[in-house]
Amino acid sequence: MIELLGGGAGPTAEMYLTMASLLVLCFLIGTAAVVAGVGGGVMFVPLASALFTIHVDFIRGAGLMVALVGAIAAAPALMEKRLSRIRISIPLALAGSVGSVIGARVGLLVPEDSIMLALAILMLAVAGQTAYQGWRDHRGRRGETRPAPSDDAAPSEPPGYHDHLPTKGLSARIVRSWNLRGSYLDPGTGKKVTWQARRIVPAMVLFIGVGMIGGALGVGAGWANVPVLASLMGLPLKMAAATSGMIIVANSGAAAWVYFRQGALDPLIVLPAVAGMIAGTRVGAKLLGHARPETVRLLVITVLVLAGARTLWGVLV
Amino acid sequence: MKRESWQTFAGAMRGFLILAVVIADPATVLILTSPTIGTEEIVSAWKRSASPPARLFSLGNVAILGFLIIPMVGYVAAFVAYAKVRRWPYFVMTLLQLLIFVTVALGVV
């Protein structure tokens, strides 16, 4: 570890400085991520790789721990509100865990340059996704487009709505057999929201791929989980976000063991990262009502694009 | 804090510290796992165990292990619950998930 951080024998000021810098970086990422509506883990790995001289394997290991601890911390409250459903997450997490273990094994074998290239592409893609989300929200507020599908839409579903859902095929049989439907009380609106999962088989296949990316790059992959759960499986958005956390617990947990066994989970990197991120997300949650999300989102996009371009430049040139 | 809760918390912290000392200095394992050992002896063993960064390293490793074990504990609880209510598809899936956790934890894959 000391050698990793560039110090000699015994405790070094450089080691403590690196830990303090990681703590501050993660605090800032955690704060900005909550306000901008971006996952903290997906910002941590690329930014820490770009800013520190620590080997990317250790950064990815810490990234998985950041995602795991964040998801564990959020899980009890989400389960209590019935937003996060175990019976949806178990089959998807199983598929995702298989992918994440394969991804972690492969990720630790491939050359560092390939990982950095993938991280640079991921950073630019997440910046693009965040920009698109911001643009859609902006247009939605101006009333130029139909508002994005929300949980409020569900209670107005006509009677017999679920009768029109597919009744044939493997996915439909699984949904019926595993009882992947239900309802919850939206804490924001106080209305009852009904839901029914669809296309469980394609979703499980996709989650193997999402898990592989998460395991290889050391990210929680909530940016990929939520679209699959909401758009492909037809779950309400809030429930998709909450269930994504449950899936991240299993996927990151399985992949993190691989990093731990390989010696790539270093407590002197993991602990400041996790502590900074948790403190940052708490501060970010308090700032939600005061900070301007557009400004923070623009800042996050700018940082992601600059860091992505810098990483890309470092790999290609 | 209620007396029972406090005792549980103190017991957990004692276990946490013993594990950290053992990681920092494996030779202490036989002494520290003795049921009659007092808290003062554990703390003095901790102080003797290693340099401050190494102690931090061992404490951190215990914390990481704790976080890695939490999902496994959750899945064991789910596995038992599904066995009791005989939801066999979920019973099998939680069993498979536990097998994944155990195999990666043991370094089989």
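Parameters at a glance
Residues numbered from 1 in each chain as written. Chains lettered and ligands numbered in written order. Predicted model: local features only at pLDDT ≥ 70, side-chain atom pairs only at ≥ 80, totals over all residues. Helix = DSSP H or I, 4+ residues; strand = E, 2+ residues; numbered from the N terminus. Contact = placed C-beta atoms within 7 Å. Expected span 1.5 Å × (residues − 1). Bend = angle between axes of the 7 residues up to and from the residue. Buried ≥ 20, exposed ≤ 12 C-beta atoms within 10 Å, placed from the backbone. Nonpolar A, V, L, I, M, F, W, Y, C, P; charged D, E, K, R; others polar. Core = buried A, V, L, I, M, F, W, Y, C linked by C-beta atoms within 7 Å. pLDDT = per-residue confidence, 0-100. Pairing = 2+ DSSP bridges. Axes fitted to C-alpha atoms, helices over the stretch in contact; angles between N-to-C directions. Parallel < 35°, antiparallel > 145°, perpendicular 65-115°, else oblique. Left-handed = near helix turned anticlockwise from the far one by under 90°.

Trainee: For this particular structure, what's the right way to read the overall build of chain A?
Mentor: Counting secondary structure elements, chain A contains 11 helices and two strands. The order of helices and strands in chain A, counted from the N terminus, is α-α-α-α-α-α-β-β-α-α-α-α-α. Sequence-distant contacts, at least 24 apart, represent 81% of the contacts inside chain A between residues at least 6 apart.

Trainee: Quick question: what am I supposed to make of helix α3 (residues 56-80) of chain A here?
Mentor: Each full turn of the α-helix corresponds to 3.6 residues, which orients residues three or four apart in the same direction. Residues and elements named next belong to chain A. With 25 residues, α3 should reach 36 Å at 1.5 Å per residue; the first-to-last C-alpha distance of 37 Å fits that figure. Of all bends in α3, the biggest is about 35 degrees, found at Ala74, and the proline Pro76 comes one to four residues later. For α3, a buried count of 18 out of 25 residues is recorded, marking the element as mostly surrounded by other parts of the structure. Where α3 terminates, the next one or two residues include Arg82, which has phi positive at roughly 60 degrees.

Trainee: Would you explain the interface of chain B and chain A in this entry?
Mentor: The figure often quoted for interface size is the accessible area lost as the parts come together. The partner chain A presents 33 residues to the 26 residues of chain B that form the contact. Those elements that place two or more of their residues in the side of chain B that touches chain A are α4 (52-85) and α5 (88-105) of chain B. Among the elements that make up the side of chain B that touches chain A, the one with the highest residue count is α4(B) (13 residues). Of the residues contributing to the side of chain B that touches chain A, the split by class is 20 nonpolar, six polar and no charged.

Trainee: Mind showing me how you'd approach the nonpolar core here?
Mentor: A general feature of soluble globular proteins is that nonpolar side chains tend to end up buried together. A:Phe44, A:Met65, A:Ala256 and A:Ala273 are the most contacted members of the largest nonpolar core, which totals 117 residues. Those residues in contact with A:Phe44 that lie beyond four places of it in its chain are A:Cys26, A:Ile29, A:Gly63, A:Val66, A:Ala273 and A:Met277.

Trainee: Help me understand the confidence of the model for chain A, please; the structure alone is not making it clear to me.
Mentor: As a general rule, the predicted coordinates of low-pLDDT regions are not to be interpreted in detail. In this model, chain A carries a mean pLDDT of 82, and residues with pLDDT of at least 70 account for 87%. Below pLDDT 50 for its whole length, residues 1-10 of chain A participates in 18 contacts with residues either more than four positions away or in separate chains.

Trainee: It is not clear to me how the pairing of strand β2 (residues 192-196) of chain A should be interpreted in this structure. Could you clarify?
Mentor: Along any regular strand the residues' side chains alternate between the sheet's two faces. All names here are of chain A. Side chains of β2 alternate between two faces, with Val193 and Trp195 buried and Lys192, Thr194 and Gln196 left unburied. In terms of strand pairing, strand β1 (residues 181-185) meets β2 through five bridges, oriented antiparallel. Bridge pairing in β2 places Leu185 opposite Lys192. Joining the antiparallel neighbours β1 and β2 is a turn of six residues, in which Gly190 adopts a positive phi near 75 degrees.

Trainee: Would you explain the environment of A:Cys26 in this entry?
Mentor: All names here are of chain A. Relative to the helices and strands, Cys26 resides in helix α1 (residues 13-36). Exposure remark for Cys26: the 28 C-beta atoms within 10 Å place this residue in the buried category. Measuring from C-alpha to C-alpha, the distance between Cys26 and Ile213 comes to 22 Å, with 187 residues separating the pair along the chain. Here Cys26 is in contact with Phe44, Pro272, Ala273, Gly276, Met277 and Gly280, once residues within four sequence places are set aside.

Trainee: Can you walk me through unusual backbone geometry in this structure?
Mentor: Backbone geometry follows two general trends: most residues other than glycine have a negative phi, and most peptide bonds adopt the trans configuration. Despite not being glycine, A:Arg199 shows a phi value in the positive range, around 45 degrees. Note on placement: A:Arg199 falls in the loop between β2 and α7 (200-217).

Trainee: Can you walk me through the packing of α7(A) against helix α9 (residues 237-261) of chain A in this structure?
Mentor: Angle between the axes and distance between the axes: these two values describe a pair of packed helices. All names here are of chain A. Direction vectors running N to C along α7 and α9 enclose 45 degrees, while the axes themselves pass 10 Å from each other. By the angle class used here, α7 and α9 are oblique. In this structure, the crossing between α7 and α9 has a hand that is right-handed. For the pair α7 and α9, the contacting residues are Gly211, Gly214 and Gly215 in the first and Asn251, Ser252 and Ala255 in the second. Residues that form the contact of α7 with α9 fall into these classes: one nonpolar, five polar and no charged.

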